Amino acid sequence: MENPRKYGFMFRDKDMYTMPNYTTVEVDSTIVDLADFAKKNGHPSILAPPTFLTTIGYEQEKPYQYLEDLGIPIGSILHARQEYTNYEPIYAGDELRMESKIGEIYEKKDGMLEFVSFISNYKNQKNVLVAESVSTLVLRNNEKK
Amino acid sequence: MKKNEINNFRIGDEIPNFHIKPISRSMLTLYASASGDYNPIHIDSDYAKKSGLPDVIAHGMLIMSFLGQTITNIFPQGSIKKFESKFIAMTNINDCLTCKGKIINIELKDSLKRFSLKLLVIDSSGKKKLSGSAIVELKLKEK
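This one's a predicted model, so the numbers in the text were calculated from it and none came from an experiment.

1. Section: the overall build of chain A
Right, so step 1: Per the secondary structure count, chain A includes 3 helices and 4 strands.
Right, so step 2: Sequence-ordered secondary structure for chain A, helices as α and strands as β, is α-α-α-β-β-β-β.
Right, so step 3: A globule of 145 residues ought to have a C-alpha radius of gyration of about 15 Å, yet chain A, at 23 Å, is considerably larger.
Right, so step 4: When the backbone C-alpha atoms are referred to their principal axes, chain A occupies close to 70 × 50 × 35 Å.
Right, so step 5: By sequence separation, contacts in chain A at least 24 residues apart represent 58% of the contacts at least 6 residues apart.

Put into structure tokens, the structure is as follows:
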């Protein structure tokens, strides 16, 4: 940053990096009530962790019914991919509604591996779209032998 | 977390590694309860073997949740706009995993600073278990 004139690099204030706005909270004792702690730090309540939405699908009485309906045995599936796009924060106390549809079905390795993707959206109690997800499962068709 | 650590990040920097303690059966049972995913391939050895697996395997989402924690160890929770993972290999009992993240792009857009992260989970022999990416957005302070 020496001799800017000589090299022709003149930075104005607006060319500089701006600092993201966030607060640092130092915790030096046990937090007894997490929700209360979150509220005192400016949140409506506890924020859901990044992969929390995976639990929504398991809330139903028979979480694997949708696979049974598709004729997929649960012992033969593995998770291949997972993708989340978040639009609004999710807090403890929110009521979410999940809607899913089949995205794609495709094969690899001559049908030894069969992939099914499910596209879901999540709306909260205000009917606001909070997130979308794509979950891809893989069926191991021949590995049982 | 050191103050202003986020502001010191430049393109190409790595975020601190997150080391996971060895994967254990109890960890998988706890995650099954927490997530509601009671697929027996994660909790029942007999069932796992019958399904052609060597033993119970970890939930992919448990490993992805560790990766999520790797991000939120540094960035504020709630700033993650996109988060994706590809599950490359099964994680077995006793695997020692390390989660890694690298900042591959930083963009300033409107009043936002957007970080693109490339993510990876490897075991102690360096084998890739999971690869992923994330986009983290932070509001900029008014000038």
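There is more to say, and it comes next.
2. What about the confidence of the model for chain A?
Right, so step 1: Residues at a pLDDT of 70 or more form 94% of chain A, whose mean pLDDT is 86.
Right, so step 2: When pLDDT is averaged over each element of chain A, strand β1 (residues 77-86) of chain A comes out on top at 96 and helix α1 (residues 4-7) of chain A at the bottom at 77.

3. Brief notes about helix α4 (residues 60-72) of chain B
Right, so step 1: For α4(B), which comprises 13 residues, the first-to-last C-alpha distance of 19 Å matches the rise-based estimate of 18 Å (1.5 Å per residue) to within 8%.
Right, so step 2: In terms of residue burial, α4(B) counts as a mostly covered element, since 10 of its 13 residues are buried.

4. Brief notes about the nonpolar core
Right, so step 1: The biggest cluster of nonpolar side chains holds 43 residues, and the ones touching the most others in it are Ile63(B), Phe66(B), Leu67(B), Ile71(B), Val121(B), Ala134(B) and Val136(B).
Right, so step 2: Those elements giving two or more residues to this core turn out to be β1 and β4 (129-140) of chain A together with α4, β2 (80-87), β4 (112-122) and β5 (128-139) of chain B.
Right, so step 3: Looking at this core element by element, the count peaks at 7 residues for α4(B).
Right, so step 4: In this structure Leu67(B) touches Ser85(B), Cys99(B), Leu119(B), Val121(B), Leu130(B) and Gly132(B), once residues within four positions along its chain are discounted.

5. Some details on the pairing of β2(B)
Side-chain positions along a regular strand alternate between the two faces of the sheet.
Right, so step 1: As paired elements, β1(A) and β2(B) share 5 bridges and run antiparallel to each other. For Tyr84(A), the partnering residue across the bridge sits in β2(B) and is Phe83(B).
Right, so step 2: Looking at chain direction, β2(B) and β5(B) are connected through 7 bridges and run antiparallel. If you follow Glu84(B) over to β5(B), its bridge partner there is Ser133(B).

6. As for the pairing of β5(B)
All names here are of chain B.
Right, so step 1: One ladder, built from 11 bridges, connects β4 with β5; its direction is antiparallel. By the bridge assignment, Arg114 is partnered in β5 with Glu137.
Right, so step 2: From the end of β4 to the start of β5, which pair antiparallel, there are 5 residues, and Gly126 there has a positive phi angle of about 90°.

7. Description of the interface of chain A and chain B
One frequent convention defines the size of an interface as the accessible area lost when the parts assemble.
Right, so step 1: With 31 residues of chain A in contact, the opposing surface of chain B contributes 37 residues.
Right, so step 2: Class assignment of the residues belonging to the side of chain A that touches chain B gives a composition of 13 nonpolar, 12 polar and 6 charged.

8. Quick notes on the confidence of the model for chain B
All names here are of chain B.
Right, so step 1: Looking at chain B, the pLDDT average stands at 93 and 96% of residues meet or exceed 70.
Right, so step 2: Summarising per-element confidence for chain B, the mean pLDDT is lowest in helix α1 (residues 5-8) (82) and highest in β2 (98).
Right, so step 3: As scored by the predictor, the complex reaches a pTM of 0.85 and an ipTM of 0.92.

9. Observations regarding the sheet that holds strand β2 (residues 97-108) of chain A
Right, so step 1: Taking strand neighbours across the sheet as the criterion, the 9 strands line up as β2(A)-β3(A)-β4(A)-β1(A)-β2(B)-β5(B)-β4(B)-β3(B)-β1(B) in an open arrangement whose pairing is antiparallel. Single-partner strands in this sheet number two, and they are β2 of chain A together with β1 (14-19) of chain B. On average, adjacent strands in this sheet sit at an angle of 15° to one another, irrespective of strand direction.
Right, so step 2: The pairing of strand β3 (residues 113-123) of chain A with β4(A) spans 11 bridges and is antiparallel. Bridge pairing in β4(A) places Lys123(A) opposite Leu129(A).

10. Some details on the environment of Ala35(A)
Residues and elements named next belong to chain A.
Right, so step 1: For Ala35, the position within the fold is in helix α2 (residues 34-40).
Right, so step 2: Considering only alpha carbons, one finds Ala35 and Leu113, 78 residues apart in sequence, at a separation of 44 Å.
Right, so step 3: For Ala35, the contacting residues outside a window of four places in its chain are Ser45, Ile46 and Ala92.

11. Some details on unusual backbone geometry
Residue and element names in this part refer to chain A.
Right, so step 1: Even without being a glycine, Lys109 presents a positive backbone phi close to 50°.
Right, so step 2: Following the sequence through the fold, Lys109 ends up in the loop between β2 and β3.
Right, so step 3: Judged by local crowding, Lys109 falls into the exposed class, with 9 C-beta atoms found within 10 Å.
Right, so step 4: The backbone of Asn127 sits at a positive phi, close to 65°, despite the residue not being glycine.
Right, so step 5: As for its position among the elements, Asn127 is in the loop between β3 and β4.
Right, so step 6: C-beta crowding within 10 Å serves as the criterion here: with 7 such atoms nearby, Asn127 is assigned to the exposed category.

What counts and how
- Residues numbered from 1 in each chain as written.
- Chains lettered and ligands numbered in written order.
- Predicted model: local features only at pLDDT ≥ 70, side-chain atom pairs only at ≥ 80, totals over all residues.
- Helix = DSSP H or I, 4+ residues; strand = E, 2+ residues; numbered from the N terminus.
- Rg over C-alpha atoms; globule rule 2.2 N^0.38 Å.
- Contact = placed C-beta atoms within 7 Å.
- pLDDT = per-residue confidence, 0-100.
- Expected span 1.5 Å × (residues − 1).
- Buried ≥ 20, exposed ≤ 12 C-beta atoms within 10 Å, placed from the backbone.
- Core = buried A, V, L, I, M, F, W, Y, C linked by C-beta atoms within 7 Å.
- Pairing = 2+ DSSP bridges.
- Nonpolar A, V, L, I, M, F, W, Y, C, P; charged D, E, K, R; others polar.
- Axes fitted to C-alpha atoms, helices over the stretch in contact; angles between N-to-C directions.

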